[in-house]
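Residue-level listing of the chains:
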Amino acid sequence: YHIRWSQANQEIYAIAADDEMAQLLQVPEGSPLIAIKRISFDEQSVPREYVITYYRGDKYHLEIELAM
């Protein structure tokens, strides 16, 4: 698509698994999940990508390298 990205906004938060998510992720209903929502923008600040991803709370690992 030749999109030139400029920025993305991302939110990470905890939720409880509803019935559908519990079945899909094979966990009991009410189990903790990590939800990540991201909106990515092109160089003209037009939102081009909207993603919500759900992870099992017992399987999630986050590692970040920060350049200074």
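The notes below deal with the structure included here. All of these numbers come straight from a predicted model, not from anything done at the bench.

Across soluble globular proteins, you tend to see nonpolar side chains buried next to one another. One finds Ala17, Met21, Ala22, Val27 and Leu33 forming the largest nonpolar core, which totals five residues. Sequence-distant contacts of Val27, defined by excluding residues within four places in its chain, comprise Ala17, Ala22, Leu33 and Arg56.

Let us look at the side chain of Asp42. With respect to the helices and strands, the residue Asp42 is situated in strand E2 (residues 32-42). A polar side-chain atom of Asp42 sits 2.9 Å from the main-chain amide nitrogen of Gln44. Not counting chain neighbours up to four residues away, the residues in contact with Asp42 comprise Ile3, Arg4, Trp5, Ser6 and Arg48.

Its place among the elements puts Val51 in strand E3 (residues 47-56). The class for Val51 is partly exposed, based on a relative accessible area of 23%. Sequence separation of Val51 and Ser40 is 11 residues, and the distance between their C-alpha atoms is 8.8 Å. Val51 has contacts with Ile36, Lys37 and Arg38, leaving out every residue within four places of it along the chain.

Take unusual backbone geometry next. Despite not being glycine, Gln26 shows a phi value in the positive range, around 55 degrees. Locating Gln26 in the fold gives a position in the loop between helix H1 (19-25) and E2. Note on Gln26: relative accessible area 68%, which makes it exposed. For Ser45, which is not glycine, the phi dihedral falls at a positive 65 degrees. Within the element layout of this structure, Ser45 appears in the loop between E2 and E3. Given the relative accessible area of 55%, Ser45 is considered exposed.

Analysis parameters
Every chain begins its residue count from 1, and numbering advances along the sequence as written. Per-residue local features of the predicted model are confined to residues with pLDDT of at least 70, and side-chain atom pairs are confined, for both listing and counting, to 80 or more; whole-chain, interface and lining totals are unaffected and use all residues. As a rule here, side-chain values come from all non-hydrogen atoms in the structure, and water together with hydrogens is ignored. In these notes, a set of buried Ala, Val, Leu, Ile, Met, Phe, Trp, Tyr and Cys residues joined through side-chain atoms within 4.5 Å is what counts as a nonpolar core. With a 1.4 Å probe rolled over the protein chains alone, any residue whose accessible area is under 20% of its type maximum counts as buried; one over 50% counts as exposed, and the rest are partly exposed. By the convention used here, residues are in contact when the closest approach between their heavy atoms is within 4.5 Å. For the purposes of this entry, the term helix denotes a DSSP run of H or I that reaches at least four residues, the term strand denotes a run of E that reaches at least two, and both are numbered from the N terminus. Distance and chemistry together define a polar contact, namely a pair of N or O atoms within 3.5 Å, with one atom able to donate a hydrogen and the other to accept it when in protein, and with adjacent residues in sequence counting only for side-chain atoms on both sides.

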